[in-house]
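# Tertiary structure, described
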Amino acid sequence: MDEALQIVNDIRQGVIKPIYFLFGEEAYYIDKISDYIGSKILTEEEKGFNQVVLYGKESSIDDIVGNAKRYPMMAEHQVVIVKEAQHLSRNIEQLSSYADNPQLTTVLVICYKYKKLDKRKALYKSIKKCGVVYESKKLYENQVSDWIRKTLLSSGYSISHKAALMLVEYLGTDLSRINNELEKLRLVLPPKSEITPLQIEEHIGISKDYNNFELKKAIGERNVLKATKIVTYFAQNPKDNPFVLTVTLLHSFFSQLLQYHGLNDHSPKSVASALRINPYFVGEFQTAAKNYPMKKVSRIISYLREMDLKGKGVGATNVSQADLLKELLVKII
């Protein structure tokens, strides 16, 4: 995030490079940087003659170089943005000859999503000399709630810890998807608001009381009544609470719990680091470890694998999601 902001700030201050090679697993920052370049370097009047958007599926390296070598018309720069450049992965190294001697009045932006650029090869080395190579890495799950908080803070909002965790549990680590939901909240809530679980429930549709986050907590505490209520709610709302997602999240939780049992140092800081979780969750693992010894955890992981197969129709045809959830809860607790 900090590196992406630095790139944007440099451009804002007039420090513009001839090549920006944006690659990596997280598409959000690649889109943000390329959109910023596309909207800010040229005026609206200049864009008509001096801005080109190409797509990797429909273009060749020669097409990209040919456009990049043109001179701008009545403008200081021209901008060439190549989207979906990952489709050119077999030939991408051919850009190295252009990168050795780029057109300094051109701003060439390569959006190379979900791929790696080999740092040992010529293209990486050539671009590093004259331009910017930015790797957009996927955030770990325990980093996303902090990202949500910082993103909202930058636009004048705050969010409660539980509300941020609800978003992560429901939406995963896809920053673009999370940002879309945050935009919805910013549209309906007044500036300087704190986003709460109730507002998440009202405006995004995630139940503040009946979700996988609360189910995991209830199971860890061996709170049978609460876990049963949540499972019943899931059975009544299967589209919003798919069984496969529930099994996957519980499998992850118990796998981490097994790892917790194997740690020598159970201090909160050490646990959070070893399990790659938000420190907020350490207490849940401490409680769950008392309720589920290591041997029991191993059996539960085996049950969850079995239930995952049943949820996908293997050895359990025509079994309802409600029955699968009840069986799952019985086998765990």
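Refer to the structure printed above.
Scope of this entry: the structure provided in the associated data block.

Definitions and cut-offs
- Residues numbered from 1 in each chain as written.
- Predicted model: local features only at pLDDT ≥ 70, side-chain atom pairs only at ≥ 80, totals over all residues.
- Heavy atoms only, no water.
- Salt bridge = Lys/Arg side-chain N within 4 Å of Asp/Glu carboxyl O.
- Disulfide = S-S within 2.5 Å.
- Buried < 20%, exposed > 50% of the residue type's maximum accessible area, 1.4 Å probe, protein only.
- Pairing = 2+ DSSP bridges.
- Helix = DSSP H or I, 4+ residues; strand = E, 2+ residues; numbered from the N terminus.
- Axes fitted to C-alpha atoms, helices over the stretch in contact; angles between N-to-C directions.
- Contact = heavy atoms within 4.5 Å.
- Core = buried A, V, L, I, M, F, W, Y, C linked by side-chain atoms within 4.5 Å.

This structure, assessed with the given rule, holds 17 salt bridges. Through salt bridges with shared partners, a single ionic network connects Glu306, Lys310, Glu327 and Lys331.

This part takes up the state of the cysteines. What the rule picks out here adds up to 0 disulfides. Here Cys111 stays unpaired: no disulfide links it, and the sulfur of Cys130, its closest cysteine neighbor, is 16 Å away. Since its relative accessible area comes to 2%, Cys111 is described here as buried. With a relative accessible area of 19%, Cys130 lands in the buried category.

With parallel pairing, the 5 strands of this open sheet are ordered in space as 2-3-4-1-5. Lying at the two open borders of the sheet, with one neighbouring strand each, are strand 2 (51-55) and strand 5 (132-135). In this sheet, adjacent strand axes meet at a mean angle of 10° when their direction is disregarded. With 4 bridges connecting them, strand 1 (residues 19-24) and strand 5 associate as parallel partners. Looking at strand 5, one finds that Tyr20 is bridged to Val132. Of the strands in this sheet, strand 1, strand 2, strand 3 (78-83), strand 4 (106-113) and strand 5 touch helix 2 (residues 27-40), which is tilted by about 160° from strand 4.

What follows covers the nonpolar core. Tyr20, Ile37, Ile148, Leu167 and Ile200 are the most contacted members of the largest nonpolar core, which has 42 residues in total. Those residues in contact with Tyr20 that sit more than four places away from it in its chain are Ile7, Ile11, Val15, Ile37, Val107, Leu108, Val109, Ile110 and Val132. If you look at the next biggest cluster of nonpolar residues, it comprises 37 residues, including Phe213, Ala227, Phe285 and Met307.

Function-wise, these values are silent; they only describe arrangement.
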